[in-house]
Amino acid sequence: MGESRRRPFTYVLRCAVVGYLLLLVVWPLVLVVTHAFEGGAGTVLGLFAEPGTLAALRLTALAAVLATAINLVFGVAISLVLVRVQFPGKRILSALVDLPLAVSPVVVGLALMLVYSGRTGWFGPTLESWGLTVIFSTPGIVMATAFVSLPLVVREVVPVLHEIGTEQEQAAASLGASGTQTFWRITLPSIKWAVVYGVVLTLARSLGEFGAVKVVSGNVLGQTRTATLAVEEMYLNFDQQGAYAIAFLLASVSVLAILIVSVLRSRAERTERKATP
Amino acid sequence: MSRTTSLTTARETRAPSSARPGSSEDGLSDDGAPRRTAHRAGPRRPVSTLTRTSGLGLGVTMLWFSLLVLVPLAAVVATAAAGGPAEFWRAVTTEQTLHAIRLTVLAATAVTCLNVVAGTAIAWVLVRDSFPGKRALEVVIDVPFALPTIVAGLVLLSLYGSSSPLGLHWANTPWSVYLAFAFVTLPFVVRTVQPVLAELDADVEEAAASLGASRTTTFRRIVLPSIAPAIAAGAALSFARGMGEYGSLVLLSGNLPFTSEVASVRILSSIENDNLAGAAAVATVLLLVSLAVIGVLDVVQRRVARRG
């Protein structure tokens, strides 16, 4: 079509888009990096050696890994159920799985507190009598994190399961493979990359959870203060250097996660294109 | 998140029996599963193919989903309803709360409109344009999604805060709310529209252009109808995210009552004052918005499925 006719418009649109993204995302992000290293790299490393900061980072890592593991198992299981099995109420369940994406983190925190709070919650006092404290403790932080990142694995795996169909699974079954064998040898290898994307995104989202964790954690230094809570605390206590340093660390992990997914995806697309010329 | 095909394209086969009535005759549902009881139950009714293993899987996942998501959210509604409708109404209509809700709705709506235009434009540039550095732009789009919200607030503060190199002192003003919403909701419309746009056949557009249609006409009559459901889905997600946003505002907006306080912040201060009933009331309002959005998404997905 008329290349010459379309040129000026294309340039204007391109510049507008690039300008918008520069002002909204890129420039502010660069400023945070420069702020973090204002005092030199040595100061930044010194900040990470503080016991309070270390404990916060360790708690964040623990909660994120546990939440990701839970969502990995749960996500793959519910994707299989949603795609491969017919049952009444499936449409409602499939819509509800997306709910955590649309719910405010603060509402998530409040909801968990109303049920699991040791003082007034629905189940909390019973669990407490069994010796399990959920709210203001690590299990609550893990649950809040798992809640907010719940749909990410499902959203990656479901479309791929639809795409691959059931022919190979049926062939395996007709050749005498058990359900478990079919899952490990046929289904899992074909959804492998979707699972990897989902896990990386879940991990990135989990590391950065703030609102829900703030409500359920109690924010006790060295015990229930996560890295994101530490950023807020430090910034409000005029320790801007420390806040910027942790923020930089968290931002690098999440940007790294996106880069990994983006590289893996473009590689997968390239091999796909090679396979179907 | 990126390339969220699940939203608009791939999930469309999820209700094959109702989407394509003709397929019931071959005894197989569209995803290939044998449909043993299809004729007895009637071709249009959803059919259960639960086996013992899949039933167990469904049971375990449902138990966990209930304990983590459904029961807690039900507790929010139950707590809000416990004091009766009058108490609920009083809690959500105090002057400060009302102002917070109004600001949240206003900002979320405005930013969603912005995203519909900007997101579609960004998706268009990413799909149809090619220039050096486009790959980097792809990554930039996903940054707001993966960046911890508290860091997002800090990031925005560096350019739009008190030490702004641009001289834009938006911190602690209502503008900060619009800014934070625009940042965190950036990927939604882009990521829902992009895959649909990429799959769109350029032939039809070229045919329209060769028949003398102007670029505006081609966009309005050919492209827009195809990407409209994706835009709607992205807009719904973006609106929901805005309505519930909290983390990015903590440092940026200053949470000043009657100025920059949003609904989520109201809920949190109620929790901190041990007023769980009041918090639950406002939370129920937000929850209803979330449910409405999920409903819109579901309808949009089914619409797309029927057309495809």
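It should be emphasised that the depicted structure is a prediction, and the values quoted were computed from it without experimental measurement.

Draft legend 1. Seen up close, the overall build of chain B. Helix and strand content of chain B: 15 helices and zero strands. Of all 308 residues assigned to chain B, the portion counted as buried reaches 50%. By sequence separation, contacts in chain B at least 24 residues apart represent 75% of the contacts at least 6 residues apart.

Draft legend 2. Quick peek at helix α6 (residues 105–116) of chain A. Residue and element names in this part refer to chain A. Between its first and last C-alpha atoms α6 spans 16 Å; for twelve residues at 1.5 Å apiece the expected length is 16 Å, and the two agree. Taken across its twelve residues, α6 has twelve buried, putting it largely inside the fold. Along α6, the residues classified as buried are Pro-105, Val-106, Val-107, Val-108, Gly-109, Leu-110, Ala-111, Leu-112, Met-113, Leu-114, Val-115 and Tyr-116.

Draft legend 3. Layout of the domain arrangement of chain A. Residues and elements named next belong to chain A. Per the domain assignment, the segments making up chain A are domain 1 (1–36) and domain 2 (41–275). Its C-alpha centre places domain 1 at a distance of 32 Å from the equivalent point of domain 2. Of the residues lining the interface, four residues belong to domain 1; the matching set on domain 2 comes to six residues. Residue composition of the side of domain 1 that touches domain 2, by class: three nonpolar, one polar and no charged.

Draft legend 4. Layout of the nonpolar core. In terms of nonpolar packing, the biggest core is built from 176 residues, with Val-107, Leu-110, Val-231 and Ala-247 of chain A together with Val-76 and Leu-154 of chain B touching the most fellow members. Counting contributing residues, this core receives three or more from each of domain 1 (1–36) and domain 2 (41–275) of chain A.

Draft legend 5. Molecular detail of unusual backbone geometry. In this structure, Phe-136 of chain A takes a positive phi of about 65° despite not being glycine. With respect to the helices and strands, Phe-136 of chain A occurs in the loop between α7 (124–129) and α8 (138–148). With a phi close to 65°, Phe-258 of chain B is a non-glycine residue in the positive phi region. Residue position: Phe-258 of chain B is located in the loop between α13 (247–252) and α14 (263–272).

Draft legend 6. How the structure looks around the environment of Ala-207 of chain B. Positionally, Ala-207 of chain B belongs in helix α11 (residues 202–210). Sequence separation of Ala-207 of chain B and Thr-218 of chain B is eleven residues, and the distance between their C-alpha atoms is 9.5 Å.

Draft legend 7. Region of interest: the packing of helix α6 (residues 95–128) of chain B against helix α10 (residues 186–199) of chain B. All names here are of chain B. Where α6 meets α10, the closest approach of the two axes is 8 Å, and the angle between their N-to-C directions is 45°. Viewed along their axes, α6 and α10 adopt a mutual orientation that is oblique. Classified by chirality, the crossing of α10 by α6 is right-handed. Taken together, the residues of α10 that come into contact with α6 (itself represented by Asn-115, Val-116, Gly-119, Thr-120, Ile-122, Ala-123, Trp-124, Leu-126 and Val-127) are Phe-188, Val-189, Val-190, Val-193, Gln-194, Leu-197 and Ala-198. For the contact of α6 with α10, the per-class residue count stands at twelve nonpolar, four polar and no charged.

Draft legend 8. Here's a closer look at the environment of Val-76 of chain A. Residues and elements named next belong to chain A. With respect to the secondary-structure elements, Val-76 resides in helix α3 (residues 51–84). The buried category is assigned to Val-76, around which 23 C-beta atoms lie within 10 Å. C-alpha of Val-76 to C-alpha of Val-134: the two residues are 58 residues apart in sequence and 26 Å apart in space. Apart from the residues lying within four places of it in its own chain, the contact partners of Val-76 are Val-153, Val-157 and Val-195.

Cut-off values and rules
- Residues numbered from 1 in each chain as written.
- Chains lettered and ligands numbered in written order.
- Predicted model: local features only at pLDDT ≥ 70, side-chain atom pairs only at ≥ 80, totals over all residues.
- Helix = DSSP H or I, 4+ residues; strand = E, 2+ residues; numbered from the N terminus.
- Buried ≥ 20, exposed ≤ 12 C-beta atoms within 10 Å, placed from the backbone.
- Contact = placed C-beta atoms within 7 Å.
- Expected span 1.5 Å × (residues − 1).
- Domains from an automatic or database assignment.
- Nonpolar A, V, L, I, M, F, W, Y, C, P; charged D, E, K, R; others polar.
- Core = buried A, V, L, I, M, F, W, Y, C linked by C-beta atoms within 7 Å.
- Axes fitted to C-alpha atoms, helices over the stretch in contact; angles between N-to-C directions.
- Parallel < 35°, antiparallel > 145°, perpendicular 65-115°, else oblique.
- Left-handed = near helix turned anticlockwise from the far one by under 90°.

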